[in-house]
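Report on the structure
What follows is the residue order along each chain.
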Amino acid sequence: MKLENIKNYIGGKFREPTGGQYLENYEPATGKVYSYIPDSDERDVEAAVGAATAARSDWAGLKPEERAKWMMKLADAIENDMDLYVAAESKDTGKPVSLARAMDIPRAVSNFRFFAHTITQFSSESHFMQGVGINYTLRSPLGVVGCISPWNLPLYLFSWKIAPALAAGNTVVAKPSEVTPYTAWLLSKTCAETGFPPGVLNIVHGLGHKTGEAICSHPEVKAISFTGGTSTGKRIASVAAPMFKKLSLELGGKNPNIIFADCDYEEMLSVSVRSSFANQGQICLCGSRIYVERPLYEKFRKDFISRVSGLVTGDPHDGETNIGALVSEQHMNKILSYIDLARQEGGIVLTGGEKIIAGGRCSQGWFVTPAVIEGLDQSCRTNQEEIFGPVVTIAPFDTEEEVLAYANGTGYGLSATLWTQDLNRAHRMAEKIESGILWINCWLIRDLRTPFGGVKHSGVGREGGLEALRFFTEPKNICIKYH
Ligand code: NAD
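Fair warning: this is a prediction, and the values are worked out from it, not measured in the lab.

Digging into empty space enclosed by the protein
With the rule as written, the count across this model stands at 4 cavities of 30 Å³ or more. As for the largest cavity, its lining consists of 16 residues, of which Gly281, Ile283, Cys286, Ser288 and Phe388 are closest to the centre. Looking at the lining of the largest cavity residue by residue, the class counts come to 6 nonpolar, 7 polar and 3 charged. Estimated volume of the second largest cavity: approximately 70 Å³. What lines the second largest cavity is simply Arg107, Leu153, Tyr156, Leu157, Trp160, Ile283, Cys284, Leu285, Arg446 and Phe452. Ranked by residues supplied to the lining of the second largest cavity, first place goes to helix α5 (residues 154–167) with 3 residues.

Encoded structure:
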C-alpha cells in the first residue's frame, strides 16, 4: 500500500516541497513508518512568507469580530471532526487515545475559541496627564510571524500560538514538529475545507535546523513564538535576536513536586501519579522531582510505588492503557540512558524503567514502564537535567528551607507543585519558589487567561490571555497636548 504524503499548506494550496524530498513519519506504538512529510527548505519558507505577506493587509483590515468568526469556524470544524483528530494525534504521538480525547483536541478547539473571544475584548491603554494632555496607545499587528512547536502536545501547542497570532491580525508561517506533523496536516485540510482566507495561515513541514531556522532568519518574519527545548531556544535566540525580532521562548523544565505531611493525602497521591506520568511524563509541566516531608516519606514511598506499578503500559488504543508509547526510538533510548545514568549515580530504581514488548500490533513499539528512583544526590545529572519521560526521583526532606533549596536548585524554573494545608506556609513558599507557574494542592488546572511561561532557563516571555495578544501586537504611544 502506498503511504500518504503530507503536504505543505501555502497560500491556501497544498504544495510538494520544492526540493522533492520527504522524511519518514513513524507511529510510535508500532515502530512503523506510516506517512511521509515534506523535507522543506528555505525556498518553501520563502513561498510561505510571500503568501503571508500578500494576505497581511486584508487580514489585519478585518474587524476583530470578523477574524473571530473565522477562528470560530475552525474551532467548530475541528470539533466536528473530533474522532478523526483524536485518532490521528494518538497514532502520531503514541499517547493513549483517551488522553488525546480528554485533553489534546478539546484544548486545541478551546485555544481557537478562547482567542476569538479575547480579541473582541482587547483594548489598549490611555494615560491622562492632568493639565497637560493625554497619551493613548495603538496596538497594531506585527505583520508576518513565525510559530514553531514541539511534539509532546502537537495540535494543543501549535494552536496555542497560532490562535493569538491570528486573532491579533497577523498572518502566520507555522512549523509543527517533524516528529508529529499529522494533526497540523489535518488543520491545513480543515482550513481549506472551511474556506479560511488563503495565505493567512501557512504551514510548512520539515526539520528544525533547516525549515525552522529558515523561518527564524527570514527578515520579513517579525516575531518568533517558540516552544521546545532549552538548547533549541538558545539557538533560535542567537539567530533572531540580532535581527531584533520579538521572541517568546517556552522551554524545558525540571519541576519539583513538594509534599508536606499535612497534605490531603489521597488527593495528593492520585494527582501526583498523574503529574508524574501523564502523557508518558512528556509534558513540560510534569513534576519530575518529588520531595516528601520525612514523617510521610515511608508511607508515600510504599503507596506511590504500588500505584505506579499498577499503571498499564501498552497499546494506546486500549481503553485500559495509562502509559502509551514514547514518541520516538531516539527519545526512548535517551530515557533508557538516563535510567542507566541514575543507577551509575547511585540511584535505586524502585519500580519500572524497563523497555517492554507490548503485545499484538505493538510488538515493535517504543514502550518504557514508569520509573521511580530513590537515593540520588540533588546535584547529580539525573536531578538536574530534563529527561522528559516517565521517570521521577523521590527524596525526603526535613525543613522548609531545605526543600526550597532543592526546588530552586536547578537551572530551570517552569512550574512547581506544592501540597500543604497550611495557608501561611503555602503563601510564604509561593513567593520564594523560582518558577513561572505554581500549583498548590492541584496540578495542571488551566485558566487560559493566566500568564503562562517560565523563568531562568525555562523561557523568556509569557503566553496566555492578554499577554499573548500583547506579544503579537506592537504598541505605539500617541501624546496629544492641550491648552
Ligand atoms: P525541540 O527544541 O527539539 O523542537 C521544537 C521545535 O523546534 C520543533 O518543531 C523543531 O523542528 C524546531 N527546531 C529545532 N531546531 C530548530 C532551529 N535551529 N531553528 C528553528 N526551529 C528549530 O523540542 P522537542 O524535542 O520537540 O520538545 C521537547 C521540549 O519541549 C522539552 O524540552 C520540553 O520541556 C519543551 N516544552 C516546553 C513547553 C513549555 O511550555 N515551556 C511545552 C512543551 C514542551
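Continuing now.
Brief notes about the site of the ligand
Taken together, 30 residues are adjacent to the ligand, and Ser149, Glu178, Thr232, Leu251 and Glu386 come closest. At 2.8 Å, a side-chain N or O of Lys175 approaches an oxygen atom of the ligand. Notes on the ligand: free accessible area 860 Å², of which the protein chains cover 89%. In this structure the site holding the ligand corresponds to the largest pocket. The biggest single contributor to the shell around the ligand is helix α7 (residues 208–217), with 5 residues. Partitioned by chemical class, the residues of the shell around the ligand number 13 nonpolar, 11 polar and 6 charged. Of the domains in this structure, domain 1 (4–251 + 457–479) and domain 2 (255–447) are the two that each give at least three residues to the shell around the ligand.

Describing the sheet that holds strand β7 (residues 133–141)
If you trace the 3 strands from one edge of the open sheet to the other, you get β6-β7-β23, paired in antiparallel fashion. Of all the strands in the sheet, the pair left with one neighbour each is β6 (126–129) and β23 (473–481). Each adjacent strand pair in this sheet contributes to an overall mean axis angle of 20 degrees, direction not counted.

Some words on the layout of surface pockets
Roughly 1,300 Å³ of volume is contained in the largest pocket. Contributing to the lining of the largest pocket are 47 residues, with Trp151, Ser177, Val179, Gly229 and Thr232 lying nearest its centre. The element contributing the most residues to the lining of the largest pocket is helix α8 (residues 230–240), with 6 residues. Partitioning the lining of the largest pocket into residue classes produces 21 nonpolar, 17 polar and 9 charged. When its volume is computed, the second largest pocket comes out at roughly 500 Å³. Lining of the second largest pocket is provided by 23 residues; of these, Leu99, Met103, Arg274, Ala278 and Asn279 occupy positions nearest its centre.

Here is what the cut-offs are and how they apply
- Position numbers for residues count from 1 along each chain, tracking the sequence in the order it is written.
- Residues qualify for local features only when their pLDDT is at least 70, as the model is predicted, and side-chain atom pairs are given and counted only at 80 or more; totals for whole chains, interfaces and linings, by contrast, use all residues.
- Side-chain measures here rest on the full set of heavy atoms in the structure, leaving out hydrogens and waters.
- Points on a 1 Å grid, built from protein atoms alone, make a cavity when a 1.4 Å probe fits but cannot get out and make a pocket when they are open with protein on both sides within 12 Å along at least 5 of 7 lines; residues with an atom within 4 Å of a point are the lining residues.
- Grid points are joined across faces, edges and corners, and a volume is the space filled by probe spheres set on the points.
- Polar here means any residue outside two lists: the nonpolar Ala, Val, Leu, Ile, Met, Phe, Trp, Tyr, Cys and Pro, and the charged Asp, Glu, Lys and Arg; Gly therefore counts as polar.
- The secondary structure listing takes helices from DSSP runs of H or I that are at least 4 residues long and strands from runs of E that are at least 2 residues long, numbered from the N terminus.
- Nearness is judged by heavy atoms alone; a residue qualifies as near a molecule or strand once a single heavy atom is within 4 Å of it.
- Two N or O atoms form a polar contact when they lie within 3.5 Å of each other; inside protein one atom must be a possible hydrogen donor and the other a possible acceptor, and for residues adjacent in sequence the pair counts only when both atoms belong to side chains.
- Accessible areas in this description were obtained via Shrake-Rupley with a 1.4 Å probe; residue shielding takes into account the shown protein chains only.
- A cavity or pocket is said to hold a molecule if more than half of that molecule's atoms lie within 2 Å of its grid points.
- Here the bounds of each domain stem from an automatic or database domain assignment.
- Pairing between strands is defined by DSSP: at least two bridges between the two strands are required.
- Axis lines are fitted to C-alpha atoms, over the contacting stretch for helices. Their N-to-C directions set the angle, which ranges from 0 to 180 degrees.

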